[in-house]
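Next come the chains, spelled out residue by residue.
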Amino acid sequence: MMAADVEDFIKQNREIADFVETFKTLSESEKHWQSRKEFILRNFTEFEEAHIDNLLSLSMVWANHVFMGCRYSPDLMEKVKLMAEGIDVHDAPVFKTRDEIMKQQR
């Protein structure tokens, strides 16, 4: 689902879009939330209502990776990156590992 597709989905599924809005956390910036919301909406139809908590967890994993540089198991990272394919995050921070920083120092 591309960005335009997400907008169309929201227009056609206002009730779902309003439901997704309830998942915004108090600590999320608008930029952070808009990206995570797009992740949720792109993948919403792949999860049954009883498993929405799994989708929300995956959205937090992806957002934590993108915005805070958190790292997770390779299998989990592969899954969330695949789910986030096509999401364009403007001005996302760039993180370096300690090893990368140490290489630059030498």
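No experiment lies behind these values; they were computed from the predicted model shown.

Q: How should I be thinking about the overall build of the chain in this particular structure?
A: Within the chain, the secondary structure is distributed over six helices and zero strands. The helix and strand sequence of the chain, counted from the amino end, reads α-α-α-α-α-α. Overall, the C-alpha framework of the chain stretches about 55 × 25 × 25 Å when taken along its three principal axes. Long-range contacts, defined here as pairs at least 24 residues apart, represent 53% of the contacts in the chain between residues at least 6 apart. Averaging the locations of the 14 positively and 20 negatively charged side chains of the chain gives two centres separated by 10 Å.

Q: Explanation requested: the UniProt feature "domain: XRN2-binding (XTBD)" (unreviewed entry) in the chain in the structure shown.
A: Under the local residue numbering, the UniProt record ascribes the feature "domain: XRN2-binding (XTBD)" (unreviewed entry) to residues 20–106. Between the first and last C-alpha atoms of residues 20–106 the distance is 48 Å; the span itself is 59% helix and 0% strand.

Q: How should I be thinking about the side chain of Glu28 in this particular structure?
A: Within the fold, Glu28 resides in the loop between α2 (14–21) and α3 (30–43). For Glu28, the contacting residues outside a window of four places in its chain are Phe23, Trp33 and Arg36.

Q: Help me understand the packing of α3 against helix α4 (residues 52–68) in this model?
A: Two measures define how a pair of helices packs: the angle their axes make with one another and the distance between the axes. As a packed pair, α3 and α4 sit with axes 10 Å apart at the nearest point and diverge in direction by 140 degrees. Classified by the angle their axes make, α3 and α4 are oblique. Like other packed secondary-structure pairs, α3 and α4 cross with a definite hand, here right-handed. Every residue of α4 that contacts α3 at Lys31, His32, Ser35, Arg36, Phe39, Ile40 and Asn43 is listed here: Leu55, Leu56, Leu58, Ser59, Met60, Trp62, Ala63 and Phe67. Residue classes in the contact of α3 with α4 are distributed as nine nonpolar, four polar and two charged.

Q: Quick question: what am I supposed to make of the pattern of salt bridges here?
A: Opposite charge on two side chains lets them pair, provided their charged atoms get close. Tallied over the entire structure, the rule returns four salt bridges. Ionic pairing is found between Arg14 and Asp18, a salt bridge with its closest N-O pair at 3.1 Å. Of this pair, Arg14 and Asp18 both sit in helix α2, four residues apart, roughly one helical turn. Among the residues examined, Asp18 registers a relative accessible area of 40% and is labelled partly exposed. Residue Arg42 pairs with Glu38 through a salt bridge whose shortest N-O separation is 2.6 Å. Placement of the pair is Arg42 and Glu38 together in helix α3, with a separation of four residues, close to one helical turn. For Arg42, a relative accessible area of 9% corresponds to the buried category.

Q: What is the right way to read the confidence of the model for the chain from this model?
A: Atom-level detail of predicted coordinates should not be read off regions where pLDDT is low. Mean pLDDT over the chain: 87, with 95% of residues reaching 70 or higher. Across the chain, helix α5 (residues 74–83) holds the top mean pLDDT of 97, while helix α1 (residues 3–12) sits lowest at 71.

Q: Is there a simple way to explain the layout of surface pockets in this structure?
A: Gaps left between atoms show up when a probe the size of a water molecule is rolled over them. Looking at the largest pocket, its volume works out to about 210 Å³. In this structure, the largest pocket is lined by 13 residues; those nearest its centre are Lys31, Gln34, Ser35, Glu38 and Asp88. Considering every element that reaches the lining of the largest pocket, the biggest residue donor is α3, with six residues. Class assignment for the residues of the lining of the largest pocket results in five nonpolar, three polar and five charged.

What counts, and at which threshold
Residues numbered from 1 in each chain as written. Predicted model: local features only at pLDDT ≥ 70, side-chain atom pairs only at ≥ 80, totals over all residues. Heavy atoms only, no water. Helix = DSSP H or I, 4+ residues; strand = E, 2+ residues; numbered from the N terminus. Contact = heavy atoms within 4.5 Å. Lys, Arg positive; Asp, Glu negative; His and termini not counted. Charge placed at Lys NZ, Arg CZ, Asp CG, Glu CD. UniProt positions renumbered as here; feature names shortened; annotations may be inferred. Axes fitted to C-alpha atoms, helices over the stretch in contact; angles between N-to-C directions. Parallel < 35°, antiparallel > 145°, perpendicular 65-115°, else oblique. Left-handed = near helix turned anticlockwise from the far one by under 90°. Nonpolar A, V, L, I, M, F, W, Y, C, P; charged D, E, K, R; others polar. Salt bridge = Lys/Arg side-chain N within 4 Å of Asp/Glu carboxyl O. Buried < 20%, exposed > 50% of the residue type's maximum accessible area, 1.4 Å probe, protein only. pLDDT = per-residue confidence, 0-100. 1 Å grid on protein atoms, 1.4 Å probe; cavity = no way out; pocket = protein on both sides within 12 Å on 5 of 7 lines; lining within 4 Å. Points joined across faces, edges and corners; volume = space filled by probe spheres on them.

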